[in-house]
Amino acid sequence: MHATLDDPHDLESLAALVGMDVRRFTAAFRTAFGCSPWQYILDARLAEGARLLRESDRTITDIALSTGFATPSHFTTRFTRHFGVPPSRYRKLAAG
């Protein structure tokens, strides 16, 4: 999943990859990782977005789209909710 953060991940496809039905897959995933598959993917996308903000000069739009968010505003909303600051402020704080 980490290698394909920009791909849409649906439960049916993920469950099929491991040979389980969706219900069993979701329960097993939650037991193993302590969260739903969707929350895991969202957290991974946000972590990658934060890394790119710190380590690159790519635009926020480019980072949003490359990490699987449909729009830059959705990325900004989720990022702000998760990290407490919008991506532009996060980048400035990370730069020191």
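About the thresholds
Position numbers for residues start from 1 in each chain and track the written sequence from start to end. Local features in a predicted model are, by the rule used here, given only for residues with pLDDT of at least 70; side-chain atom pairs are given and counted only at 80 or more, and totals for whole chains, interfaces and linings are based on all residues. Values reported for side chains reflect all heavy atoms of the structure, with hydrogen atoms and water molecules removed beforehand. Each pair of aromatic rings taken from Phe, Tyr and Trp, with Trp reduced to its six-membered ring, is defined by centres within 6.5 Å and is described as stacked if the planes are under 30 degrees apart, edge-to-face if over 60, and tilted in the remaining cases. Secondary structure elements are defined from DSSP: runs of H or I of at least 4 residues count as helices, runs of E of at least 2 residues count as strands, and each element is numbered from the N terminus. Throughout, exposure labels follow a simple rule: accessible area from a 1.4 Å probe, protein chains only, divided by the maximum for the residue type, with under 20% read as buried, over 50% as exposed, and the rest as partly exposed. Given a helix with a known number of residues, its expected span is that number minus one, times 1.5 Å. N or O atoms closer than or at 3.5 Å make up a polar contact, with two conditions inside protein: a donor-capable atom paired with an acceptor-capable one, and, for residues adjacent in sequence, both atoms drawn from side chains.

## Section: the packing of aromatic side chains
Overall, the coordinates contain nine aromatic pairs when judged by the stated rule. Arranged with centres 5.7 Å apart and planes meeting at 55°, the rings of Phe25 and Phe29 form a pair that is tilted. Note that Phe25 and Phe29 are positioned in helix α2 (residues 22–33) at a spacing of four residues, about one turn of the helix. With a relative accessible area of 7%, Phe29 lands in the buried category.

## Focus: α2
Between its first and last C-alpha atoms α2 spans 16 Å; for 12 residues at 1.5 Å apiece the expected length is 16 Å, and the two agree. Its side-chain oxygen 3.1 Å from the backbone nitrogen of Arg23, Asp21 forms the N-cap of α2. Once α2 ends, the next one or two residues include Gly34, with phi positive near 75°.

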